[in-house]
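Listed below, chain by chain, are the residues.
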Amino acid sequence: MELLGVIGNPIGHSLSPVMHSAAFKAVGRSALYLPFLVEADQLSQAIYGAQALGFTGLNITVPYKEKVLPYLTELTDEAEAVQSVNTIKFTEDRIIGHSTDGEGFMAAAEYELGYDFRGKTVLIVGAGGAAKAVTAALLNKQCQVYITNRTLERAEQLVHSLNRFGTQLEVVPLNSAALEPVMDEIEVVVNTTSVGMAQNLGQTPLAPSLLAPHQLVIDIIYNPEKTQLLKAAEQIGCRVQNGVGMLVWQAVKAWEFWWGITPPAEIMYQAVKASLS
Ligand code: ATR
């Protein structure tokens, strides 16, 4: 029996165990995937312990995606670009860190909407880890990306850390006066902030009056299923997508990294939706 799991704090809300377990069952894979609550001062023991116990791999979630870097023997190009790891693979003598967040984001829109991001102009709201992963993936598809964030310096830091992409990336202050002139150009709006989740349900990360019907609006939040931003966007006539797809597809991409096989995404969607409802 293969062993896998997800490390985070808190971890009780994680949907990864049900998603992976459903897929193991569907394909008849003999593997066990468990959630592990790990304290910050025991992160290295958890990683090395999993290696010693013969784990196949781990997922890493909030707040350890960056903190885990010192314990890895190598990073894939994707993880290197964003200095963040959500998937680990153990081999005989190596601990390899990878990031499937950006790939998962792109794959979800391709799968659910048939959307091709190549060359599109995108506005990212937020400048945290999720914003960075999504932005790096978009830049790889030759997108023009604008970053807006409550804390402007953080958006500037994000641009600086991805500056090898040069002029494809610009910062815009998060206020209507600054955003209005660029909104005509924007084809996709992506919320990567936590605004719209339970603690600030009913709020939107940017004024809905900025949106236009030609835009695709993606919120990476999956609980609630439809944030206030998505509800407002839908009323305006925009196409919308929530965060369930990114959650599922980062997991699909983790299987591809661990085993080189693609799991049944539809089974994973069903497992997530059943847990959320
Ligand atoms: P993650 O790694 O999931 O992206 P994070 O690094 O904590 O999480 O980033 C959270 C993002 O949500 C940030 O862009 C944050 O804005 P600041 O950089 O100004 O903190 C944004 N965010 C969180 N709460 C917010 C709020 N109430 N209003 C606006 N932005 C908010």
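Definitions and limits used
- Residues numbered from 1 in each chain as written.
- Predicted model: local features only at pLDDT ≥ 70, side-chain atom pairs only at ≥ 80, totals over all residues.
- Heavy atoms only, no water.
- Phe/Tyr/Trp six-rings, centres within 6.5 Å; stacked < 30°, edge-to-face > 60°.
- Helix = DSSP H or I, 4+ residues; strand = E, 2+ residues; numbered from the N terminus.
- Pairing = 2+ DSSP bridges.
- Contact = heavy atoms within 4.5 Å.
- Axes fitted to C-alpha atoms, helices over the stretch in contact; angles between N-to-C directions.
- Salt bridge = Lys/Arg side-chain N within 4 Å of Asp/Glu carboxyl O.
- Buried < 20%, exposed > 50% of the residue type's maximum accessible area, 1.4 Å probe, protein only.
- Domains from an automatic or database assignment.
- Buried area = accessible area lost by both parts, 1.4 Å probe.
- Near = heavy atom within 4 Å.
- Polar contact = N/O pair within 3.5 Å; in protein donor to acceptor, adjacent residues only side chain to side chain.
- Areas by Shrake-Rupley, 256 points an atom, 1.4 Å probe, with all protein chains shown as cover.
- Nonpolar A, V, L, I, M, F, W, Y, C, P; charged D, E, K, R; others polar.
- Expected span 1.5 Å × (residues − 1).
- Right-handed = clockwise from strand over helix to strand, strands pointing away.

Colleague: Help me understand the packing of aromatic side chains, please; the structure alone is not making it clear to me.
Modeller: By convention here, two paired aromatic rings are described through the distance between centres and the angle between planes. The tally for this structure, following the rule as stated, stands at ten aromatic pairs. Between F24 and W259 the ring centres are 6.0 Å apart and the planes differ by 75 degrees, which places this aromatic pair in the edge-to-face class. One end of the pair, F24, is in helix α1 (residues 16–27); the other, W259, is in helix α9 (residues 244–259), with 235 residues separating them in the sequence.

Colleague: Help me understand the sheet that holds strand β3 (residues 57–60), please; the structure alone is not making it clear to me.
Modeller: Paired through their backbone hydrogen bonds, the strands of a sheet run either parallel or antiparallel. Across the sheet, which stays open at both edges, the six strands sit in the order β2-β1-β3-β5-β6-β4 with mixed pairing between neighbours. Edge positions in the sheet fall to β2 (31–37) and β4 (74–75), since each has one partner strand and no second. Relative to strand β5 (residues 87–90), α9 is tilted by about 20 degrees, and along the sheet it contacts β1 (2–8), β2, β3, β5 and β6 (95–98).

Colleague: Explain the pattern of salt bridges here, please?
Modeller: Pairs can form between side chains of opposite charge once their charged atoms are near each other. Counting across every chain of the model gives six salt bridges. The salt bridge partner of K253 is E256, with a shortest N-O separation of 3.4 Å. Note that K253 and E256 are positioned in helix α9 at a spacing of three residues, about one turn of the helix. With a relative accessible area of 28%, E256 lands in the partly exposed category.

Colleague: What is the right way to read the domain arrangement of the protein chain from this model?
Modeller: By convention, interface size is frequently given as the accessible area that disappears when the constituent parts associate. Here the protein chain is described as being made up of domain 1 (2–99 + 246–276) and domain 2 (102–242). Spacing between the C-alpha centres of domain 1 and domain 2 amounts to 25 Å. Of the residues lining the interface, 14 residues belong to domain 1; the matching set on domain 2 comes to 17 residues. With both sides pooled, the region where domain 1 packs onto domain 2 buries about 1,500 Å², and carbon together with sulfur makes up 65% of that total. The largest per-residue losses of area from domain 1 upon contact with domain 2 belong to V82, M246 and W249, which jointly make up 40% of the total buried on that side. There are zero salt bridges connecting domain 1 and domain 2. Those elements that place two or more of their residues in the side of domain 1 that touches domain 2 are α3 (77–82), α9 and α10 (265–276).

Colleague: Can you walk me through the site of the ligand in this structure?
Modeller: The immediate surroundings of the ligand are formed by G126, A127, G128, G129, A130, N149, R150, T151, R154, T193, S194 and V195. A127 is positioned such that a nitrogen or oxygen atom in its backbone is 2.9 Å from an oxygen atom of the ligand. Take R150: an N or O atom from its side chain is 2.8 Å from an oxygen atom of the ligand. Calculation on the ligand without its partners gives an accessible area of 650 Å², and the protein chains cover 67% of this total. A per-class count over the shell around the ligand returns three nonpolar, seven polar and two charged.

Colleague: Sorry, what's going on with helix α5 (residues 129–140) here?
Modeller: Spacing of three or four residues puts side chains on the same side of an α-helix, whose turn is 3.6 residues. Under the 1.5 Å per step criterion, the end-to-end length of α5 is 17 Å for twelve residues, consistent within 8% with the ideal 16 Å. Counting buried residues along α5, nine of its twelve residues qualify, which places the element largely inside the surrounding structure. Inspection of α5 places A131, K132, A133, V134, T135, A136, A137, L138 and L139 among the buried residues, and these make up the whole buried set. Immediately beyond the C-terminal end of α5, within one or two residues, lies Q142, with a positive phi of roughly 60 degrees.

Colleague: Quick question: what am I supposed to make of the sheet that holds strand β9 (residues 169–171) here?
Modeller: Read across the sheet, six strands follow the order β9-β8-β7-β10-β11-β12 without closing on themselves; strand pairing throughout is parallel. The sheet is open, and its two edges are formed by β9 and β12 (239–241), each paired on a single side. Here the strands of the sheet are splayed against their neighbours by 20 degrees on average, with no regard to which way each runs. Where strand β7 (residues 121–125) and strand β8 (residues 144–148) come together, five bridges link them in parallel fashion. In the strand pairing of β8, L123 is matched with Y146. Across the face of the sheet, α5 comes into contact with β7, β8 and β9 while running at roughly 170 degrees to β7. Along the sheet, helix α6 (residues 152–161) makes contact with β8 and β9, crossing β9 at roughly 165 degrees.

Colleague: Before we go on, may I ask you to explain helix α4 (residues 101–113) in this structure?
Modeller: Its 13 residues give α4 an end-to-end C-alpha distance of 18 Å, which sits within 8% of 18 Å, the value for a rise of 1.5 Å per residue. Turning to α4, its buried residues are D101, G102, G104, F105, M106, A107, A108 and A109. Here the buried face of α4 lies against α5, β10 (188–191), β11 (216–219), β12 and α9. Taken from the residues just after α4, G114 is the one with a positive phi, measuring 65 degrees.

Colleague: How do you make sense of the pairing of β8 when you look at a structure like this?
Modeller: Put simply, side chains in a regular strand alternate between the two faces of the sheet. Of all five residues in β8, four are buried, a share of seventy percent or more. After leaving β7, the chain enters α5 and then returns to the sheet as β8, a path that is right-handed. As paired strands, β8 and β9 are joined by three bridges and run parallel to one another. Of the residues in β9, the one forming a bridge with V145 is L169.

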